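# Commentary on secondary and tertiary structure
Listed here are the chains, written in short residue letters.
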Amino acid sequence: MSGTADALDPTRPLPAGPRRSWLRVRAIARRNAYVLLREPHRLFDVTLWPLVDVLMFGALAAFVGRGGADGGQQAAGYLLAGIILWHVVYQSQIAVSTGFLEETWTRNLLNLMVTPIRETEYVGGVVLFGLAKLVMGVGLMAVGAWVFFSFDVGGIGLALVPIAAVLLVVGWAISLLVIAFVLRFGHGAEALAWGVMFVLMPLSGIFYPIDALPRFVRPIALALPTTYAFSALRGVVDGDPLDWGLVGIGAIGAVVLGAFATWFLVRMLRLFRRRGYVTRYS
Amino acid sequence: MEPVLVARGLVKEYRRTRAVDGVDLTVGAGERVALLGPNGAGKTTTLLMVLGAISPDAGEVEVCGVSQRRSRSAAAEHIGFAAGYLPLAGELRVHEYLTMYGRIYGIPDPGPAIAAGLARFRIEHLAEAMGPQLSSGQRTLVGIVRACLHRPRLLVLDEPTASLDPDVAARVRDGILELCDAEGTALLVTSHDMREVERLSERVLFLAQGRIVADGRPEEIAARFDREDLEGVFLHLAEDRLPEREPPGGQQTDFHL
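Note on numbering: residues in each chain are counted from 1, in written sequence order. Chains and ligands are labelled by the order in which they are written, letters from A for the one and numbers from 1 for the other. The model is predicted, so local features are restricted to residues of pLDDT at least 70 and side-chain atom pairs to those at 80 or more, both for listing and for counting; the totals for chains, interfaces and linings are taken over all residues. To obtain the side-chain values, all non-hydrogen atoms of the structure were used and water was disregarded.

Residue and element names in this part refer to chain A. Helix and strand assignments come from DSSP, with helices taken as H or I runs of at least 4 residues and strands as E runs of at least 2, each series counted from the N terminus. Counting through the fold element by element, Ala164 comes out in helix H7 (residues 160–185). Looking at Ala164, the relative accessible area reads 21%, which means it is partly exposed. Sequence separation between Ala164 and Gln91 is 73 residues, and the spatial gap between their C-alpha atoms is 12 Å. Residues count as neighbours in contact if any of their non-hydrogen atoms are within 4.5 Å of one another. Setting aside chain neighbours within four positions, we find Ala164 in contact with Leu85 and Val88. For every residue, the accessible area obtained with a 1.4 Å probe (protein chains only) is divided by the maximum for its type, and the residue is called buried under 20%, exposed over 50%, and partly exposed between those limits.

Looking now at the sheet that holds strand S1 (residues 3–14) of chain B. All names here are of chain B. A sheet is described by the order of its strands in space; here 4 strands give the open sequence S2-S1-S4-S5, paired in antiparallel fashion. In this open sheet, the two strands that pair with only one neighbour each are strand S2 (17–28) and strand S5 (66–67). DSSP bridges decide pairing: two strands pair if at least two such bridges lie between them. Sheet analysis places strand S4 (residues 58–63) next to S5, joined by 2 bridges and oriented antiparallel. Bridge assignment links Glu62 to a residue of S5, and that residue is Ser67.

A few words on the packing of helix H6 (residues 119–149) of chain A against H7 of chain A. Residues and elements named next belong to chain A. Viewed as axis vectors pointing N to C, H6 and H7 meet at an angle of 135°, and their least axial separation amounts to 12 Å. It follows from the interaxial angle that H6 and H7 lie oblique. Seen along the crossing, H6 lies across H7 with a hand that is right-handed. Residues Val123, Val127, Leu131 and Leu134 of H6 form the contact with H7, whose own contacting residues are Leu168, Trp172 and Leu176. For the contact of H6 with H7, a count of residues per class yields 7 nonpolar, no polar and no charged. Only the stretch in contact is used when fitting a helix axis, every axis being a line fitted to C-alpha atoms; angles between N-to-C directions are given from 0 to 180 degrees. For classification, angles of less than 35 degrees are called roughly parallel, those exceeding 145 degrees roughly antiparallel, those between 65 and 115 degrees roughly perpendicular, and all remaining angles oblique. Take the far helix as your reference; a near helix turned counterclockwise from it by less than a right angle gives a left-handed crossing, and one turned clockwise gives a right-handed crossing. Three classes are used, and their members are as follows: Ala, Val, Leu, Ile, Met, Phe, Trp, Tyr, Cys and Pro are nonpolar, Asp, Glu, Lys and Arg are charged, and the others, Gly among them, are polar.

Values of pLDDT, the confidence the predictor places in each residue, fall between 0 and 100. With 93% of its residues at a pLDDT of at least 70, chain B reaches an overall mean of 87. Under a pLDDT of 50 for its full length, residues 241–257 of chain B has, in the predicted model, 32 contacts with residues more than four places off or in other chains.

Moving on to the nonpolar core. The biggest cluster of nonpolar side chains holds 171 residues, and the ones touching the most others in it are Leu85 and Trp86 of chain A together with Leu188 and Phe206 of chain B. Among residues more than four places away in sequence, those in contact with Leu85 of chain A are Val153, Leu160, Ile163, Ala164, Leu167, Phe230 and Leu233 of chain A. Nonpolar core, defined: a set of buried Ala, Val, Leu, Ile, Met, Phe, Trp, Tyr and Cys residues in which side-chain atoms within 4.5 Å join the residues together.

Our next topic: the side chain of Lys43 of chain B. Residue and element names in this part refer to chain B. One can find Lys43 in helix H1 (residues 43–51). For the purpose of counting charges, residues Lys and Arg are taken to be positive, whereas Asp and Glu are taken to be negative. His and the chain ends are not included. By convention in these notes, a salt bridge is any Lys or Arg side-chain nitrogen within 4 Å of a carboxyl oxygen on Asp or Glu. Notably, Lys43 is buried but unbridged: the nearest opposite-charge side chain belongs to Glu159, and the N-O separation is 5.3 Å. One polar contact links the side chain of Lys43 to the main-chain carbonyl oxygen of Pro38, over a distance of 3.4 Å. Once you skip the residues sitting within four places of it in the chain, Lys43 turns out to touch Leu35, Leu36, Gly37, Pro38, Thr190, His192 and Leu207. In protein, a polar contact requires one atom able to donate a hydrogen and another able to accept it; more generally it is a pair of N or O atoms within 3.5 Å, and residues adjacent in sequence count only if both atoms are side-chain atoms.

Right, let's get into the sheet that holds strand S10 (residues 211–216) of chain B. The strands making up a sheet are joined through hydrogen bonds of the backbone, oriented either antiparallel or parallel. Residues and elements named next belong to chain B. Spatially, 6 strands are ordered S6-S7-S8-S3-S9-S10 in an open sheet, and the strand pairing comes out mixed. One side of each edge strand has no neighbouring strand; the edge strands of this open sheet are strand S6 (79–83) and S10. Between one strand axis and the next, the sheet turns by 15° as a mean value, whatever way the strands run. Examined bridge by bridge, strand S3 (residues 32–36) and strand S9 (residues 203–208) share 4 bridges and lie parallel to one another. Bridge pairing in S9 places Leu36 opposite Phe206. Against the sheet, helix H9 (residues 230–238) makes contact with S3, S9 and S10, and its axis sits at roughly 15° relative to S9, the strand it touches most.

Below, the structure written as structure tokens:
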């Protein structure tokens, strides 16, 4: 069979190029989708927990808003918009981290590492699947906020897009850092996938300006791109135009964090190969 | 014979312990080679370096002329790997699992390759089974089918029949031999079952303390070590009677036969 005929034969491997990479990306995304659908407790991440968060923070908002003053309405907006946008960071991070952890839990890592799949194609697959989970989880929260508390997050308008984009990149960057730590330290580092979010949440000023934080942690908060994104969000909730300066600082911070996370992951992957850590999972 | 695998001067140290100490290894097209040695001899580390899962501290691996260090992905396209101890990824049916790997190997429609692979090992009935439902023998067979979907030039198997019943082990062996004959696939296999090695391989490499101490046909190696069979050679090396590269009564330092 000629090379051209081989390239057209769907039962033969495609030549190197974007079509083959896309095939691999989809294969990884589909594998994660099967895991989600066949292990119902995994669906809690995109159904139950987001709804519980909406109920909790929505109820808190309703309680605060009972005073009827404008301040109550404002707090309600901060709480519900804040928690919904927080889930952009959370869902994007947790989907990619647990997508990788799944390979370690099922001892599939060695099988994958000896195939031609590139690291970028693998990450592309879990990111693609993570986006689907993100749409499910955040979409359900938006519907829940509207049905339970008549809060329309879409009312914030197009300003949501750049803010959500910054948060999305931060979520992916954190997941790359988590994967890097798991490669280096093994199962002991898995708790970071969830733990880091509990640290990041209060420091990012999701519901309040960081002036509300104790003075000694403010420098840490100021170093986080999420702080600027949520600050911009509160401004929009207050009815102000989007503060592009804040979004810009957040975007630069997210890109810097992403670049650092990628560099760190590449280093840890090299170390993983050099020290033979793959045998931990085989 | 055109080589599909050339490894030169492979060295790997773990915390001051030299697990692999200057291994040179060549496997020709369609050749069936076994890598043997006692526990800790460096077999799995050598295999993992050949596969690109571990980077060597020194040395080079080339698969079909492609440098593993410079282009791991391109080199991996020519290799298939399965190990008896690795489970299938959870929560997938066998055909879903194989389809995933087929596509990772770049095959848009891996259906025909999956059907042929399952038929080769007489496990078509497992296509709809979930991974965790499979016995260890069935998992091994599915793993080998996975490793061969893209018709690799080199099939690397680590302990393919470990803990299998004799009838299943025989089926695995027959399937591997049939595959190698039909596709011209080269085989690099490790095993602790010396009878299996004698049936599967044309050439045997013995590793001891991270070094290749013998390289040749099974019967020639047994004769060289003055043993009846490979098991005798294995026991001899395992007892560490021959840490140096010297056969009993001989002065040679190179056992390539």
